[in-house]
Amino acid sequence: MNISNIHQLFLESSGICTDTRKIVKNNLFFALKGANFNGNEYAEEAIKQGASYAIIDDKQYHTSDQFIVVNDVLETLQHLATYHRNYLAIPIIALTGSNGKTTTKELINCVLSAQFNTTATSGNLNNHIGVPLTLLSMDKNTEIGIVEMGANHIKEIAFLCNIAQPDFGYITNIGKAHLEGFGGIEGVLKGKTELYQHLREKDKLVFLNSEDPKLLKASSGMNTYTFSQQGSSNARIQLQNADPMVSVAYKNLEIQSNLIGVYNFTNIAAAIAIGSYFKVHEKLIKTAIESYIPSNNRSQIIAKNDFTIIMDAYNANPSSMNAAIDNLKQLESYPKTVFLGDMFELGKTAEEEHQKIADKASSSSFDVIFLIGENFYQVSTTDPRVKKYRSFEDLQQNETFEKLQGTVLIKGSRGMKLERVLDILH
């Protein structure tokens, strides 16, 4: 059975499912394989649960006409997504970057959905499986698609672009993220700008923060729609304040967001600029930005007892950690306490990068500095304000927090699960 036939079955189905626990009647089940599971083994269960067909790649599980055997289930899912994307023929915006992808994607979706029917990546389903599933969640009512792309090694973004075939692209920034996979900051630049290379070859358009020198250089000669605070650009957007919430000026409007951190300014500005390109009225843009409430431990402000907690524990790398510390430094509220957790995927640079962050925190006027994780435990410091713990459990067992008050920053990689700190602050 070829892709066009499978696509017809998809159009007649109630959607794609890859997990038998989430089957909806008339789903098309794709029997994906992983390190610890073989989806082919669950294909019969998927049919029993109500799936119309099961796409499998192991002939021994073919027991009826409801099983469709292909060479590779994952490749078939990816090819189907591209086929469906071309069938819909709608504008697709792809975005990637070291930091801020998901927040920026959510903001862009808020702004564009004020005037268009949009479909955007759900959560952070931004890999070789998530991107196809995002494309296949779009239907004939979708007017603009927004696809987030994540990567931790070279050629990954290029591969995702071949699947999604974007018409527009935006890179949030180039920072010290996934250094282990990319082999260093130059590898990050090369990997992320694969989006530019794809768009350049197709003569498509890039949304660009023209005050980012790396991305300005990388996009030289391309079709661009730019934004900036100063100088000439297609959209002038200026930072007004970030203590603690970010407010910006656009045209004659002041837009007050619910996002903390100077680092979120460019995320907001990008969404405004993209809305401007698609001719969303500025008053709708203002309402959309002001209505967005962050969640999932991303730049959240949480009030608890005598604390104002900046919960930014969804993920961390040297670039985002530096930005979070800089933001806390510029806030006028006192006292200030930080809980910093290990940064993952740094490879051979891990020791150096953790030491730099520890030194930066020590050079700041913070009252108490908690460093948590094996990497942070190894840093060298004589600062009496610094308290090091190998794990969250060690912190929990050996610290009491009765005397803490004021503003608290919680920041660490996802695997550290530092949102648990919230439960032990009294």
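Only a predicted model underlies this, so the values are computations on that prediction, with no experimental measurement involved.

A short note on the packing of aromatic side chains
This model, assessed by the stated rule, comprises 11 aromatic pairs. Here F168 and F278 contribute two aromatic rings whose centre-to-centre distance is 5.3 Å and whose plane-to-plane angle is 65°, an arrangement assigned as edge-to-face. With F168 in strand β10 (residues 168-171) and F278 in the loop between α11 (265-277) and α12 (282-291), the pair connects residues that are 110 residues apart, well separated along the chain. Exposure remark for F168: the relative accessible area of 9% places this residue in the buried category. Ring centres of F207 and Y225 lie 6.2 Å apart, and the angle between their planes is 80°; this geometry places the pair in the edge-to-face category.

Some points on the sheet that holds strand β2 (residues 28-30)
The strand order across the open sheet formed by four strands is β1-β2-β5-β6, and the pairing between neighbours is parallel. At either margin of the open sheet sits one strand with a lone partner, and together these are β1 (16-17) and β6 (67-69). Here strand β5 (residues 53-56) runs beside β6; their pairing, made up of three bridges, is parallel. Within β6, the residue paired with I55 across the bridge is I68. Contacts from helix α1 (residues 3-11) reach β1, β2, β5 and β6, with the element oriented near 125° to β2.

Comments concerning the nonpolar core
Within the largest apolar cluster, 65 residues are counted, with the highest numbers of intra-cluster contacts made by V131, L135, M149, M321, L340 and L371. Residue contacts for L371: discarding those within four places in its chain leaves L340, A358, F376, V379, V386, K387, K388 and Y389. Within the second largest apolar cluster, 37 residues are counted, among which are F168, V246, A273 and A288.

Observations regarding the pairing of β5
Taken together, the three bridges between β2 and β5 define a ladder with parallel strand orientation. Bridge pairing links F30 to I55 in β5.

Some thoughts on the UniProt feature "domain: Mur ligase C-terminal" (unreviewed entry) in the protein chain
With numbering aligned to this structure, UniProt lists the feature "domain: Mur ligase C-terminal" (unreviewed entry) at residues 298-376. Within residues 298-376, the helical portion is 37% and the strand portion 28%, while the C-alpha atoms at the span's ends are 22 Å from each other.

Description of the packing of helix α4 (residues 101-112) against α12
Close contact between α4 and α12 brings their axes to 8 Å; oriented N to C, the two are set at 140°. Relative to α12, α4 is oriented oblique. Relative to α12, the crossing made by α4 is right-handed. Between α4 and α12, the residues in contact are L107, C110 and V111 and I285, A288 and I289, respectively.

Digging into unusual backbone geometry
Here the residue pair D243 and P244 is connected by a cis peptide bond, since its omega of -5° sits within 30 degrees of zero. Checked against the element boundaries, P244 lands in the loop between β13 (235-242) and β14 (245-250). A cis geometry characterises the amide bond from Y334 onward to P335, with omega recorded as -10°. Its location among the elements puts P335 in the loop between α13 (318-330) and β18 (336-341). With phi around 55°, A89 is a residue other than glycine that occupies positive phi space. Under the relative-accessibility criterion, A89 is labelled exposed at 59%. Non-glycine residue K251 carries a positive phi angle of around 55°. Along the polypeptide, K251 turns up in the loop between β14 and β15 (253-260).

Focus on the pattern of salt bridges
Inspection of the entire model under this criterion finds 16 salt bridges. One salt bridge connects K411 with D312, and the closest N-O pair in it is separated by 3.3 Å. Placement of K411 in strand β21 (residues 406-411) and of D312 in strand β17 (residues 307-312) is noted, with a sequence separation of 99 residues between them. Judged by relative accessible area, K411 falls into the buried class, the value being 4%. Between E393 and R420 there is a salt bridge; the shortest N-O distance is 3.1 Å. Of this pair, E393 sits in helix α16 (residues 392-398) while R420 sits in the loop between β21 and α17 (421-424), placing them 27 residues apart in sequence. With relative accessibility at 36%, the residue E393 sits in the partly exposed group. In this structure, a network of salt bridges that share partners links the residues R85, D167 and K204.

Quick notes on the UniProt feature "domain: Mur ligase N-terminal catalytic" (unreviewed entry) in the protein chain
The UniProt record marks residues 14-71 with the feature "domain: Mur ligase N-terminal catalytic" (unreviewed entry), using the residue numbering of this structure. As annotated, residues 14-71 has a helix share of 10% and a strand share of 28%, and its two end C-alpha atoms lie 24 Å apart.

Structural notes on the side chain of S247
For S247, the position within the fold is in strand β14. The residues touching S247, leaving out its near neighbours within four places in the chain, are Q238, L239, Q240, N241, E254, I255 and Q256.

Thoughts on the environment of Y53
Tracing the backbone through its elements, the reader meets Y53 in strand β5. For the pair Y53 and L9, spaced 44 residues apart in sequence, the C-alpha to C-alpha distance is 8.4 Å. Each residue touching Y53, except ones within four places of it in the same chain, is listed here: L9, N27, L28, F29, I47, D65, Q66 and I68.

How each quantity is defined
- Residues numbered from 1 in each chain as written.
- Predicted model: local features only at pLDDT ≥ 70, side-chain atom pairs only at ≥ 80, totals over all residues.
- Heavy atoms only, no water.
- Phe/Tyr/Trp six-rings, centres within 6.5 Å; stacked < 30°, edge-to-face > 60°.
- Helix = DSSP H or I, 4+ residues; strand = E, 2+ residues; numbered from the N terminus.
- Buried < 20%, exposed > 50% of the residue type's maximum accessible area, 1.4 Å probe, protein only.
- Pairing = 2+ DSSP bridges.
- Contact = heavy atoms within 4.5 Å.
- Axes fitted to C-alpha atoms, helices over the stretch in contact; angles between N-to-C directions.
- Core = buried A, V, L, I, M, F, W, Y, C linked by side-chain atoms within 4.5 Å.
- UniProt positions renumbered as here; feature names shortened; annotations may be inferred.
- Parallel < 35°, antiparallel > 145°, perpendicular 65-115°, else oblique.
- Left-handed = near helix turned anticlockwise from the far one by under 90°.
- Salt bridge = Lys/Arg side-chain N within 4 Å of Asp/Glu carboxyl O.

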